[in-house]
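Structure assessment
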Amino acid sequence: MEKKLTLGRRFLLSRATSVLVVLVLILLLFSLFSPEHRFVDPDNLKVLLSLGAEFSIIALGVGMLMICGEFDLSIGSILVFCSFVFLKLFELEVNPFIIAVVTVFVGGALGLVNGLITVRGQIPSFVTTLGTMMFWRGLTLLLSGGEQTACDVSALGTKAASRFLALFTGRAGGFLPAQFLWFTLFAILLGILLHYHRFGNWVYATGDNRDAARAMGINTDWVKTACFIIVGVLCGVVACAQIGRLACFTSRTGEGWELKAVAASVVGGTSLRGGIGSMMGIFLGAIVISVIENGLVVLRIPYFWTYVFFGLVVLFSVLSSMYIEKKQMEAHR
Amino acid sequence: MERENNDFLVRMVNIHKWFGRVYALRGVDFEVRRGETVGLIGDNGAGKSTLIKILSGYHHADQGEIYFEGQRVSIRSPRDARGLGIETVYQEQALAPNLSISRNIFMGREPLRRLGLIDKKVMDEESMQALANLGLKLRSPDVPVVTLSGGERQGVAIARALHFKAKLVILDEPTVALSVKEVEEVLEFIRQLQREKVSVIFITHNLYHAFDIAERFVVMARGKKMADVKKEDTSPQGLSDLVLKSAFVAE
């Protein structure tokens, strides 16, 4: 006899819920234990929401890519190369909006390169993007000499420059950072694409069973390439936002983001084998990672502890999502 | 000649296939009539799967011709095969386990509203209808396929083929790893295909399952067609002898 799923049970058994529980727990922890509750101080929340959002925007794309069964280790390198393109155009005093379009376009193109090498060469994307990670980072270091260079858009003094900065670094209502709004916007758009659009069905099918997807006439190579392009485009957007915020180019930007993005996706319930995951989960997972990074700083815990904490959260998430999966199976039986 | 052609839904003529230096198919002729169920049997490595993969667009023949409904066709991809009305129900290859039943049935052919958004209501209703037509009662179209039994999964794949008006359904080992009860269930699904005048190619190791359901049997060994017999001219024991003998002759 079938077991009826009550609303409460269904809520508890949804993957996004377990991430939400983790998120609430660490939020409580940081709020209570940070000296003078500095974690919930508006100034810190602003920093958290703007800085964390930069990484989180890219993590959304990485999560979707993982659902279709691929990895991208090159996000940090695409980001830094995009930033470098931005810098060079900035030095030519091009209109910042044109720079932004070109930067995003370059990001998409580098994503396309990852996709084409992976599907045409039939190489695991782990290897493809390991190669491009080194290549684009190396090329950027080579071309930039590895130096920090000022890239202050506001110095242009034009109307376009101030609009550009408002778009990428402004604060809605004097508080909500533009970066966080971008993050939310992308999460909603990608969520609709993934869960309500037919492309999303192809992404899941490709990651879940590529042979079946192909047999059903889905061009899985195209689907994967499109997901790589989405990640690249997001890197381009973040390059613009980051340079707007920092007012300088640094050749080390984005280092270590690749594994953090994978961690965010896994914490959000995405399967490493593809086919399983949700945009809500990835969204929350990215926030969890950003909150941990910020919270530990506020708690004055040495930075080196960050990865210890990441590790614990990743392991806890994987174990709990496996438990949930088991319970779900039993509930369906 | 043309008249006779019209009887055939599909006719493969003198098909050759090499994989590197392996000569996998050595001039095979194979045909299926409209509404006919053919059992394709033979030992591992006999070339059954290769032959069928050429028909379903996974491989391309190095030599030979394929006629579908009397027309010469070139099947270059699974998509081409589907366009003709050829559906393949591969064991473990037909469904995405973590996707819901309805998303599986409409995979690649999602009913749409505006802007490419999926019309979930239509998708769910038609999925339940397609399953009901096959006599399969499942609780909800939202359940992931992985939670279904082996027999039910085959049912979902067959319901999909029926729903999209397939003319030829290729079943590759559909009864492998199923319980006795589930096998009977799957054979009943195939009978439903027969009632709807869909042609079926049934690939199996299990001669008894094949004998139960097929009208004609093609025995392959070592890349060649060794025998082509009607059901009334043989028996399960006869088929078994044929498979054994073919394997030795082909050596």
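This write-up is about the structure you can find in this document. Bear in mind that the values here come from a model prediction, so they are computed numbers and not experimental data. (Residues numbered from 1 in each chain as written. Chains lettered and ligands numbered in written order. Predicted model: local features only at pLDDT ≥ 70, side-chain atom pairs only at ≥ 80, totals over all residues. Heavy atoms only, no water.)

Regarding the environment of Leu143(A)
All names here are of chain A. Defined as follows: For helices the rule is a DSSP run of H or I covering at least 4 residues; for strands it is a run of E covering at least 2, with both sets numbered from the N terminus onward. Classification of residues uses two cut-offs on accessible area relative to the type maximum, computed with a 1.4 Å probe and protein chains only: under 20% is buried, over 50% is exposed, and between them is partly exposed.
One can find Leu143 in helix H6 (residues 125–144). The exposure class of Leu143 is exposed, given its relative accessible area of 51%. A C-alpha to C-alpha distance of 9.8 Å links Leu143 and Phe81, two positions 62 residues apart in sequence.

Here we look at the environment of Ile123(A)
All names here are of chain A. Threshold: Only heavy atoms matter for contacts: two residues are in contact if any of them lie within 4.5 Å across the pair.
Tracing the sequence through the fold places Ile123 in the loop between helix H5 (96–121) and H6. Considering only alpha carbons, one finds Ile123 and Gly52, 71 residues apart in sequence, at a separation of 32 Å. Apart from residues lying up to four places away in sequence, Ile123 is in contact with Ile117, Thr118 and Thr128.

Thoughts on the packing of aromatic side chains
This is how the line gets drawn: Two aromatic rings, drawn from Phe, Tyr or Trp (for Trp, its six-membered ring), form a pair once their centres lie within 6.5 Å of each other, and the interplanar angle then sorts them: stacked below 30 degrees, edge-to-face above 60, tilted otherwise. Criterion for a charge above a ring: Arg CZ or Lys NZ at most 6 Å from the ring centre, at most 35 degrees from the ring normal.
Tallied over the entire structure, the rule returns 20 aromatic pairs over all chains. Ring-pair connections join several aromatic residues into one group, and the members of that group are Phe86(A), Phe97(A), Phe164(A), Phe168(A), Trp182(A) and Phe186(A). Positioned above the aromatic ring of Phe55(A), the side-chain terminus of Lys260(A) is 4.6 Å from the ring centre. Of note, Arg109(B) hangs over the ring of Phe164(B), and the distance from its end group to the ring centre comes to 3.6 Å.

Some words on empty space enclosed by the protein
Worth spelling out the cut-off: Only protein atoms enter the 1 Å grid used here. Points where a 1.4 Å probe fits but cannot escape make up a cavity, open sets with protein on both sides within 12 Å along at least five of seven lines make up a pocket, and a residue lines them when an atom lies within 4 Å of a point. Grid points are joined across faces, edges and corners, and a volume is the space filled by probe spheres set on the points.
One pass over the full model with this rule turns up 2 cavities of 30 Å³ or more. Of the pockets and cavities examined, the largest cavity occupies roughly 60 Å³. Looking at the largest cavity, the residues that line it are Ala215(A), Met216(A), Ser56(B), Tyr58(B), Pro78(B), Ala81(B), Arg82(B), Ile86(B), Glu87(B) and Thr88(B). Those elements that place two or more of their residues in the lining of the largest cavity are helix H3 (78–84) and strand E6 (86–90) of chain B.

Quick notes on the side chain of Asn294(A)
Relative to the elements of secondary structure, Asn294(A) occurs in helix H13 (residues 279–298). Residues within four places of Asn294(A) in sequence aside, it is in contact with Phe39(A), Asn44(A), Val47(A) and Leu48(A).

Some remarks on the nonpolar core
Put simply, the rule reads: Put simply, buried Ala, Val, Leu, Ile, Met, Phe, Trp, Tyr and Cys residues joined by side-chain atoms within 4.5 Å make one nonpolar core.
In this structure, Leu60(A), Met64(A), Phe86(A), Phe183(A), Phe199(A), Val203(A) and Val288(A) are the most contacted members of the largest nonpolar core, which totals 99 residues. Considering each element in turn, this core owes the most residues, 14 residues, to helix H11 (residues 220–246) of chain A. Every residue in contact with Leu60(A), bar those within four places of it in the chain, is listed here: Phe183(A), Phe186(A), Ala187(A), Leu190(A), Met279(A), Ile282(A) and Phe283(A). Counting 48 residues, the second largest nonpolar core, distinct from the first, contains Ala157(B), Val169(B), Leu178(B) and Val219(B).

Considerations on the sheet that holds E6(B)
Residues and elements named next belong to chain B. The criterion, for reference: Strands qualify as paired when DSSP identifies two bridges or more between them. All axes here are fitted lines through C-alpha atoms, helices being fitted over the stretch that makes contact, and every angle between N-to-C directions spans 0 to 180 degrees.
If you trace the 6 strands from one edge of the open sheet to the other, you get E6-E7-E8-E3-E9-E10, paired in mixed fashion. The sheet terminates laterally at E6 and strand E10 (224–230), the two strands that pair on one side only. Shown here is a sheet whose adjacent strand axes are inclined to one another by a mean of 20 degrees, direction ignored. By the bridge criterion, 5 bridges tie strand E3 (residues 37–42) to strand E9 (residues 216–221) in an arrangement that is parallel. In the sheet register, Gly39 faces E9, and the bridge partner there is Phe217. Here helix H6 (residues 150–163) sits on the sheet and contacts E6 and strand E7 (168–172); the angle it forms with E6, its principal contact strand, is near 175 degrees. The sheet strands contacting helix H7 (residues 180–195) are E3, E7 and strand E8 (199–204), and the helix crosses E8 at an angle near 155 degrees.

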